[in-house]
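Structure assessment
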Amino acid sequence: MASASATLLKSSPIIDKSEWIKGQNLRQPSAGFVRCHSTSALTIRASSYADELVKTAKTIASPGRGILAMDESNATCGKRLDSIGLENTEANRQAYRTLLVSAPGLGEYISGAILFEETLYQSTTEGKKMVDVLVEQKIVPGIKVDKGLVPLPGSNNESWCQGLDGLSSRTAAYYQQGARFAKWRTVVSIPNGPSALAVKEAAWGLARYAAISQDSGLVPIVEPEILLDGEHGIDRTFEVAQKVWAEVFFYLAENNVLFEGILLKPSMVTPGAECKDKATPQQVADYTLKLLHRRIPPAVPGIMFLSGGQSEVEATLNLNAMNQSPNPWHVSFSYARALQNTCLKTWGGRPENVKAAQDALLTRAKANSLAQLGKYTGEGESEEAKKGMFVKGYVY
């Protein structure tokens, strides 16, 4: 028996990752793709959803479009509502989310919308399923699947993201409900280290989540957010981001994640929010693109940047600067506050302001659509859109 096992191992081919194909089966490799190994063999398992994952990722990463992140937890949504004097009730959350998903023509600029679990199963104020409204707008519904940040024992007051327990059954249910991509947010803090433990925990958690999501038919958004908190300069952010992204992609490969079926949602490379030396959009673009070229395989279809507390205009200007020349990936946006801030304040919880609020949302969505195409000028922006939104120790 031992001899037979050894023979099997010696003869088993290692198949190049480019050999992913449709369905669950793997194509027999040609001689050019067979590499024998004397001691071990790697089994690459293609998800039965492989073709669909690639198609979904490409749809979201389509020219001139990006993601509307509206997956704030009920507690965070409550803080947003409180800022305009509204009570945190399901009815008020429903009214605001209805305003967002039903904005006329939103799908021209938005390709995907990340939802909180309540929203995925929720109907609009008119009684139509939120998911159906999005699909009619040609917007792919997505779902936040992590269970939030908790303290990481043994670290330097750092956090880790929980939610792997039961994730397989939850993602399968979300797919049945109409979700086609998923989001998992983990964070790395520069002022607190980051420790090797925190970086590895973040990378491993993201990789396991990504593999589980793909197995259920959901394109995973991989989000290693490097927090803006701190006084550090842009070079320190770049140094930490290199380390974090290298670890993330190492573990994604270890977990046999299909790179063509993921989207990356990273922070832009900027100085810490409390740094005295501010960076220009061109500096942010130069540092961020250099990092992307060093760490991100061209197989990844889309880089959907988070805004991380930048002002609406700042986030758009930085994105525009990154799209002044062709990139190997679709470089776009996945913004929450940087799309919603002016919209929320314009609405103010008043039914008569719904159209004006939707117009404000469309203005921001169009601006970022232009930035994705490298055609944003920044002309005519309001003072509200220029206000920074950084919150120290921000909890999503």
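The protein chain is annotated in an unreviewed UniProt entry as Fructose-bisphosphate aldolase of Hibiscus sabdariffa. The UniProt entry for the protein chain carries this comment under Pathway (unreviewed entry): "Carbohydrate degradation; glycolysis; D-glyceraldehyde 3-phosphate and glycerone phosphate from D-glucose: step 4/4." Database annotation for the protein chain, UniProt heading Sequence similarities (unreviewed entry): "Belongs to the class I fructose-bisphosphate aldolase family."

1. Some details on the overall build of the protein chain
When its secondary structure is counted, the protein chain shows 13 helices and 10 strands. Per-residue burial over the protein chain gives 55% buried out of 396 residues. Taking all contacts inside the protein chain whose residues are at least 6 apart in sequence as the whole, residues at least 24 apart take part in 79%. When the accessible surface of the protein chain is split by element, carbon and sulfur atoms take 53% of a total near 17100 Å².

2. Here we look at the packing of helix α8 (residues 196–215) against helix α9 (residues 234–254)
Where α8 contacts α9, the two axes come as close as 8 Å, and the packing angle between them is 40°. Regarding α8 and α9, the two cross each other, and that crossing is right-handed. Here α8 contributes Val199, Lys200, Ala203, Trp204, Leu206, Ala207 and Ala210 to the contact with α9, which in turn contributes Lys243, Val244, Glu247, Val248, Tyr251 and Leu252. Split into classes, the residues belonging to the contact of α8 with α9 amount to 10 nonpolar, no polar and three charged.

3. Overview of the pairing of strand β3 (residues 140–144)
In regular strands, side chains alternate between the two faces of the sheet. Of all five residues in β3, five are buried, a share of seventy percent or more. Residues Val140, Gly142 and Lys144 line one face of β3 and the alternating positions Pro141 and Ile143 line the opposite face, and both faces are buried. In this structure, strand β2 (residues 110–115) lies alongside β3, joined through four bridges in parallel fashion. Each bridged residue has a counterpart across the sheet, and for alanine 113 the counterpart in β3 is proline 141. Where β3 and strand β6 (residues 181–188) come together, three bridges link them in parallel fashion. Its bridge partner lying in β6, lysine 144 is registered against lysine 183.

4. Some points on the confidence of the model for the protein chain
Residues of the protein chain with pLDDT of at least 70 account for 84%, and the chain-wide mean is 87. This model gives residues 1–44 a pLDDT under 50, and the stretch forms 56 contacts once residues within four places in sequence are excluded.

5. Quick notes on helix α12 (residues 337–347)
Note that an α-helix has 3.6 residues per turn; residues three or four places apart therefore point the same way. Burial within α12 is extensive, with nine of its 11 residues counted as buried. Buried within α12 are the following residues: Arg337, Ala338, Leu339, Gln340, Asn341, Thr342, Cys343, Leu344 and Trp347.

6. Some thoughts on the packing of aromatic side chains
Here the distance between the centres and the angle between the planes together describe a pair of aromatic rings. Following the criterion strictly, the structure yields eight aromatic pairs and no others. Seen from their ring centres, tyrosine 49 and tyrosine 175 are 5.1 Å apart, and the 55° between their planes marks the pair as tilted. Residue tyrosine 49 is located in the loop between α1 (2–11) and α2 (50–60), and its partner tyrosine 175 is located in helix α7 (residues 167–177); the two are separated by 126 residues in the primary sequence. Ring centres 5.5 Å apart and planes at 85° place the aromatic pair phenylalanine 249 and phenylalanine 259 in the edge-to-face group. Of this pair, phenylalanine 249 sits in helix α9 while phenylalanine 259 sits in the loop between α9 and β8 (263–264), and the two are 10 residues apart along the sequence.

7. Thoughts on the pairing of strand β9 (residues 302–305)
Alternating residues of β9 divide into Gly302 and Met304 and Ile303 and Phe305, and every residue in both groups is buried. Summarising the sheet, β8 and β9 pair through two bridges and their orientation is parallel. Note on β9: the bridge partner recorded for leucine 264 is isoleucine 303. Between β8 and its parallel partner β9, the chain crosses via helix α10 (residues 281–295), and the hand of that crossover is right-handed. Across four bridges, the pairing between β9 and strand β10 (residues 330–335) is parallel. When the bridges of β10 are listed, methionine 304 appears paired with serine 332. Note that the unit made of β9, helix α11 (residues 312–322) and β10 has a crossover that is right-handed.

Procedures and definitions
Residues numbered from 1 in each chain as written. Predicted model: local features only at pLDDT ≥ 70, side-chain atom pairs only at ≥ 80, totals over all residues. Heavy atoms only, no water. UniProt positions renumbered as here; feature names shortened; annotations may be inferred. Helix = DSSP H or I, 4+ residues; strand = E, 2+ residues; numbered from the N terminus. Buried < 20%, exposed > 50% of the residue type's maximum accessible area, 1.4 Å probe, protein only. Contact = heavy atoms within 4.5 Å. Areas by Shrake-Rupley, 256 points an atom, 1.4 Å probe, with all protein chains shown as cover. Axes fitted to C-alpha atoms, helices over the stretch in contact; angles between N-to-C directions. Left-handed = near helix turned anticlockwise from the far one by under 90°. Nonpolar A, V, L, I, M, F, W, Y, C, P; charged D, E, K, R; others polar. Pairing = 2+ DSSP bridges. pLDDT = per-residue confidence, 0-100. Phe/Tyr/Trp six-rings, centres within 6.5 Å; stacked < 30°, edge-to-face > 60°. Right-handed = clockwise from strand over helix to strand, strands pointing away.

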